[in-house]
2 protein chains.
Amino acid sequence: MTTGLRERKKLRTRRALGAAALELAVTHGLAEMTVEQIADAADVSPRTFFNYFSSKEEAVVAADVERARDSAERLAERPLDEPVLDSVRAVMHEMVGDAPRSREWIAQVRLVKSEPSLVPQQLAAYAAAEAHLTAVIAERTGLGAQDLYPAVTAAAVMSAMRVATTRWLESDEHGDLVGVVDRVIDLLAVGLQSPPSRAP
Amino acid sequence: MTTGLRERKKLRTRRALGAAALELAVTHGLAEMTVEQIADAADVSPRTFFNYFSSKEEAVVAADVERARDSAERLAERPLDEPVLDSVRAVMHEMVGDAPRSREWIAQVRLVKSEPSLVPQQLAAYAAAEAHLTAVIAERTGLGAQDLYPAVTAAAVMSAMRVATTRWLESDEHGDLVGVVDRVIDLLAVGLQSPPSRAP
DNA sequence: GCCGATCTTGCAGTGTCTGCAGTTTTGCGC
DNA sequence: GCGCAAAACTGCAGACACTGCAAGATCGGC
């Protein structure tokens, strides 16, 4: 599958728009930046911007959607005999451990924290991740589309990741994010029936 | 705390706007309805609409935010010696069992399914529910704000509820929603380490 | 009944977002 | 290379969402 020039160019434009939107939102503020500025920075017309995204907010969190797809792909590549949650944990560690990517991600989460109107779009991005995860988990476990386990697991994992990053950010980002991620996944693994007795 | 006339009137206006928005979105479609129509239906000026909600979409899912607060309050009223997840399960059963309320809820979820641009706002409403749940669970378990269990549990439960309703809707709404809710909460309770061996 | 606080409203203005129609670019067969 | 159909980009016009501001209406306490 050689992706044609056409598609590659579209992807480049899409990324340029997303990056410009994120950049401008961080520097100038979400409300202040205009679609015209984003379009200019990506060298397209304002009208073209709307061929790619239906709003400024969507463009800002575009990178998240890509990361979501990427996580799912990494998950699909884990050894098949590995327990699902172990695979998930490994992938999440990879995502957090990948320094440049992680830095972008954190920047985005921090922006969302300071611009509440981005919250809905950010959550929608997580939902996209969830859909991908669901499909991969279903395949790995050999379960069908009607089974609840893959969907519930994917949803719970993404929620837990969200809690982990939020908490980490609220604690002024000290301590390691990896540790927090580990603990939230542990909670899901052992079950939420009752709170763990020791240092949850 | 006798809520003054002022506050009661505000609440009535807010509800009227929310109800009108939902009604119009269902009958005319989200894109077709205008703020002016919503405002007219609630007998206020269009400008006033924006004193209550920052967008049409937010108004449409306003009832969800109320339901969220209500769930948290019901949870707080459960016997203190009841295991947390049992309380959660009971509350979710109450919410689903409350016929008129459940009907509104389902109508809204169905609307969101047919109008994808509502998804982000719907998720934001769930996030609001999550925040309330987190606070109540923390109090019930005697855990502090730094503990992960309350936040992870609240997030997982809301995600699971979302999965349950989505699945139920996709299966053309046959079978009972209560049963699906039970099964997703069971999954969270026993842990997601590996798929259940029998009929997940 | 008066006064401060709060809520509502109209107005003007900026910017988002959409449909449409014309131009440019790309992929592909020749 | 050449031409042609599909797809992408662009400008334009217009409807509408949304905001700040200042004036008017309403409420709660004294």
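Residues numbered from 1 in each chain as written. Chains lettered and ligands numbered in written order. Predicted model: local features only at pLDDT ≥ 70, side-chain atom pairs only at ≥ 80, totals over all residues. Heavy atoms only, no water.

Chain A is annotated in an unreviewed UniProt entry as TetR family transcriptional regulator of Actinomycetospora succinea.

Draft legend 1. Region of the structure containing the interface of chain B and chain A. The interface of chain B with chain A comprises 41 residues on the first partner and 41 residues on the second. Regarding the contact of chain B and chain A, the summed buried area is about 3,400 Å², with carbon and sulfur atoms giving 67% of it. Taken together, chain B and chain A are joined by 2 salt bridges. Ionic pairing is found between Glu130 of chain B and Arg162 of chain A, a salt bridge with its closest N-O pair at 2.9 Å. For the interface between chain B and chain A, the tally reads 9 residue pairs in polar contact (both at pLDDT 80 or more). Of all elements in the fold, only α6 (84-97), α8 (119-141), α9 (149-170) and α10 (177-190) of chain B reach the threshold of two or more residues within the side of chain B that touches chain A. (Contact = heavy atoms within 4.5 Å. Buried area = accessible area lost by both parts, 1.4 Å probe. Salt bridge = Lys/Arg side-chain N within 4 Å of Asp/Glu carboxyl O. Polar contact = N/O pair within 3.5 Å; in protein donor to acceptor, adjacent residues only side chain to side chain. Helix = DSSP H or I, 4+ residues; strand = E, 2+ residues; numbered from the N terminus.)

Draft legend 2. Examining the environment of Asp43 of chain B more closely. All names here are of chain B. Mapped onto the fold, Asp43 is located in the loop between α2 (35-41) and α3 (46-52). You can call Asp43 exposed: its relative accessible area is 72%. Separated by 69 residues in sequence, Asp43 and Val112 have C-alpha atoms that sit 26 Å apart. (Buried < 20%, exposed > 50% of the residue type's maximum accessible area, 1.4 Å probe, protein only.)

Draft legend 3. Fine view of the pattern of salt bridges. Counted by the stated rule, this structure contains 28 salt bridges over all chains. With a shortest N-O distance of 3.7 Å, Arg101 of chain A and Asp98 of chain A are connected by a salt bridge. Between Asp98 of chain B and Arg74 of chain B there is a salt bridge, and its shortest N-O distance comes to 3.8 Å. Highlighted residues: Asp98 of chain B in the loop between α6 and α7 (99-114) and Arg74 of chain B in helix α5 (residues 62-76), separated in sequence by 24 residues. Residue Asp98 of chain B is classed as partly exposed on the basis of its relative accessible area of 24%. One network of salt bridges, with partners in common, ties together Asp70, Arg74, Arg78, Glu82, Glu94, Asp98 and Arg101 of chain A.

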